[in-house]
Amino acid sequence: MNSTYTAIKSYLDQHKVTLVAVSKTRPIEQLQALYDAGQRDFGENRVQEMRDKQALMPADIRWHQIGHLQRNKVKYIAPWVHLIHSVDSLELLEEINFQAAKLNRVIPCLLQMHIAEEETKFGLDADELTQLLQSPRFLELRNIHIQGLMGMATQTENEHQIRLEFEGLKQLFNQIKSTYFNQDDQFQILSMGMSSDYRIAVESGATMVRIGSLLFN
Ligand SMILES: *Cc1c(COP(=O)(O)O)cnc(C)c1O
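Novice: Looking at this model, I keep getting lost on the overall build of the chain. Mind explaining?
Specialist: Regarding its fold elements, the chain presents 10 helices and eight strands. Taken against the 2.2 N^0.38 rule, which gives 17 Å for 217 residues, the C-alpha radius of gyration of the chain at 17 Å falls within 12% of a compact globule. In terms of its C-alpha atoms, the chain occupies a principal-axis envelope of roughly 50 × 40 × 35 Å. Taken over 217 residues, the chain has a buried fraction of 50%. For the chain, long-range pairs separated by at least 24 residues make up 58% of all intrachain contacts whose partners lie at least 6 apart in sequence. About 10700 Å² of surface is accessible on the chain, with carbon and sulfur atoms providing 46% of the total. Positive and negative side-chain charges of the chain, numbering 22 and 27 respectively, have mean locations separated by a distance of 6 Å.

Written out as structure tokens, the structure is:
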């Protein structure tokens, strides 16, 4: 495991890309081994599992919520979550803001975009994104901070298609940044790429990748 980790990490470091180690379904011992090798960013997609692991693991881990998040579960992760990648509605954002306000903190979030051809994946399209960013309700939120976008490419062997989807997201990211976040030097995270396609994502402009199976197998 360590040699794979080291190789991936050095490739990503060269490109100044942050590695989120996706540890869902993996036992604590495997997370600890990666922690001991220096990894601090971990991603989980289920709230209950992330809570259980957060309680057991060292306190300086940065926990990333990467899976679909139900509104009624936000309160469980709000005190310590580092970044929520999977925000895809104004209602969810309002709940995150509400819980963050109670804790007197600001919770960093990414908006999840739907870029794959599969129907089943969550996320906003470009029109919904624009609507959200322009809505008066959004502009009132003081305890969330949108730091960028997240997306998942189609599961396909067709690298060309994957590249087009990632490049499209990068273009949208640039456009949204210059239109809505021009003064905001913290809108700088583009979370895209997993085990099978992270190199394509990095070549297309990702600043953060989410890798699971490749690291833990
Ligand atoms: C599981 C998961 C990943 C990591 O997938 P691997 O193929 O194991 O690298 C990345 N992002 C999300 C949203 C996931 O659910």
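Novice: Would you take a moment to explain the site of the ligand for this structure?
Specialist: In the vicinity of the ligand, the residues found are Val22, Lys24, Asn45, Ile66, Met152, Met194, Ser195, Arg210, Ile211, Gly212 and Ser213. The separation between an oxygen atom of the ligand and a polar side-chain atom of lysine 24 is 2.8 Å. In this structure, a nitrogen atom belonging to the ligand sits 2.9 Å away from a side-chain N or O atom of arginine 210. Considered on its own, the ligand offers 390 Å² of accessible surface; in the complex 85% of this is hidden by protein. Looking at the shell around the ligand residue by residue, the class counts come to five nonpolar, four polar and two charged.

Novice: Just checking my understanding: could you explain the pattern of salt bridges for this structure?
Specialist: Overall, the coordinates contain nine salt bridges when judged by the stated rule. A salt bridge links aspartate 60 to arginine 40, with the shortest nitrogen-to-oxygen separation between them at 3.2 Å. Highlighted residues: aspartate 60 in the loop between helix 3 (47-56) and strand 3 (62-65) and arginine 40 in the loop between helix 2 (28-36) and strand 2 (41-44), separated in sequence by 20 residues. Notably, a salt bridge pairs glutamate 203 with arginine 163, separated by 2.9 Å at the nearest N-O pair. Taken together, the positions of glutamate 203 in helix 9 (residues 198-203) and arginine 163 in helix 8 (residues 159-180) put the pair 40 residues apart, joining distant regions of the chain. Owing to a relative accessible area of 27%, arginine 163 belongs among the partly exposed residues under this scheme.

Calculation criteria
Position labels on residues start from 1 in each chain and follow its written sequence. For a predicted model such as this one, the threshold for reporting local features is a pLDDT of at least 70, and the threshold for listing and counting side-chain atom pairs is 80 or more; totals across whole chains, interfaces and linings nevertheless cover every residue. Excluding hydrogens and water, the side-chain values take into account all heavy atoms of the structure. Helix and strand definitions follow DSSP, with helices as H or I runs of at least four residues and strands as E runs of at least two, each counted in order from the N terminus. Put simply, the radius of gyration uses C-alpha atoms, and a globule should come to 2.2 Å times the residue count raised to 0.38. Burial here depends on accessible area, computed with a 1.4 Å probe over protein chains only, as a share of the maximum for the residue type. Under 20% is buried, over 50% is exposed, and the range in between is partly exposed. The contact rule is simple, with two residues in contact once any of their heavy atoms fall within 4.5 Å. In these tables, accessible area is a Shrake-Rupley quantity obtained with a 1.4 Å probe, and a residue counts as shielded only by the protein chains included in the view. Two residue types count as positive, namely Lys and Arg, and two as negative, namely Asp and Glu; His and chain ends fall outside the count. For charged residues, the charge sits on one atom: NZ in Lys, CZ in Arg, CG in Asp, CD in Glu. If even one non-hydrogen atom of a residue comes within 4 Å of a molecule or strand, that residue is called near it. Polar contact criterion, stated in full: a pair of N or O atoms within 3.5 Å, where within protein one must be able to donate a hydrogen and the other to accept it, and residues adjacent in sequence count only if both atoms are side-chain atoms. Only Asp, Glu, Lys and Arg are considered charged in this grouping, and only Ala, Val, Leu, Ile, Met, Phe, Trp, Tyr, Cys and Pro are considered nonpolar; every other residue, Gly among them, is considered polar. The salt bridge definition used is simple: a Lys or Arg side-chain nitrogen within 4 Å of an Asp or Glu carboxyl oxygen.

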